[in-house]
Amino acid sequence: MTTIEETVRYREPTPNDLPDIQLIDGAAFPADRYPFFVLRQLLQADSSRSVVAVEPGNDDEVVGYALTIMGEGSRAWLLSLAVSPDRRGCGYGRGLLARTIALCQEKGDADEIWLTVDPKNVTAYNLFKEFGFVLRVRDEQYFGEGQPRDVLVHKLRGVALPASGENGYAGT
């Protein structure tokens, strides 16, 4: 039996992936989706820490993405991670997060990865905790009134890279 880890590929996104990324982003975050131009500029600024999950066949369909950029100092920011609604619960989020962490470690210029998560998003919160992210601060108005976010941090130094298969992720 073939598993997702054996068929999915993880790679750096290209401008051709932007329509798929935008569709996934809109489905995952309908009220807070990134405009197309923002996604494009994020990738043009530095896509080397960002990753897409691609299913072979179906014109190499993008089924998930993780957008990560460098912030001030040695802090990388995972700005968004999402998986297509029909692929959730299959391990793509784990693969994207594992590859993101590995990319940041391989680059060697980040000491930490920071992200924000809606405290009510239990699925995402549990995934981040599973990978060693810890609460830094809760901000009740991070994106404005009534829009709380927890800021989570993952230390990169002294942490082993995830096991790596042909596509950069062997499963966790």
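So, here is what we can say about the structure in this document. Everything numeric in this text was worked out from a predicted model, so none of it was measured.

Each value, and the rule that gives it
- Residues numbered from 1 in each chain as written.
- Predicted model: local features only at pLDDT ≥ 70, side-chain atom pairs only at ≥ 80, totals over all residues.
- Heavy atoms only, no water.
- Helix = DSSP H or I, 4+ residues; strand = E, 2+ residues; numbered from the N terminus.
- Buried < 20%, exposed > 50% of the residue type's maximum accessible area, 1.4 Å probe, protein only.
- Contact = heavy atoms within 4.5 Å.
- Areas by Shrake-Rupley, 256 points an atom, 1.4 Å probe, with all protein chains shown as cover.
- Core = buried A, V, L, I, M, F, W, Y, C linked by side-chain atoms within 4.5 Å.

**As for the overall build of the chain**
Item 1. Summing up its helical and strand segments, the chain has five helices and seven strands in all.
Item 2. Going from the N terminus to the C terminus, the chain shows its helices and strands as α-β-α-α-β-β-β-α-β-α-β-β.
Item 3. Classification of the 172 residues of the chain by burial places 44% in the buried group.
Item 4. In the chain, the proportion of contacts linking residues at least 24 apart, taken out of those at least 6 apart, comes to 61%.
Item 5. A total of about 9000 Å² of accessible surface is found on the chain, and carbon and sulfur atoms cover 50% of it.

**Some details on the nonpolar core**
Item 1. Core analysis: the largest hydrophobic core is formed by 29 residues, its most contacted members being Leu78, Leu96, Leu97, Ile113, Phe128 and Phe133.
Item 2. Elements that contribute at least two residues to this core include exactly β2 (51-55), β3 (61-70), β4 (75-83), α4 (92-107), β5 (112-117) and α5 (122-130).
Item 3. At seven residues, the largest contribution of residues to this core is made by α4.
Item 4. When neighbours within four sequence positions are excluded, Leu78 is seen to be in contact with Ala66, Leu67, Thr68, Leu97, Thr100, Ile113, Trp114, Leu115 and Phe128.

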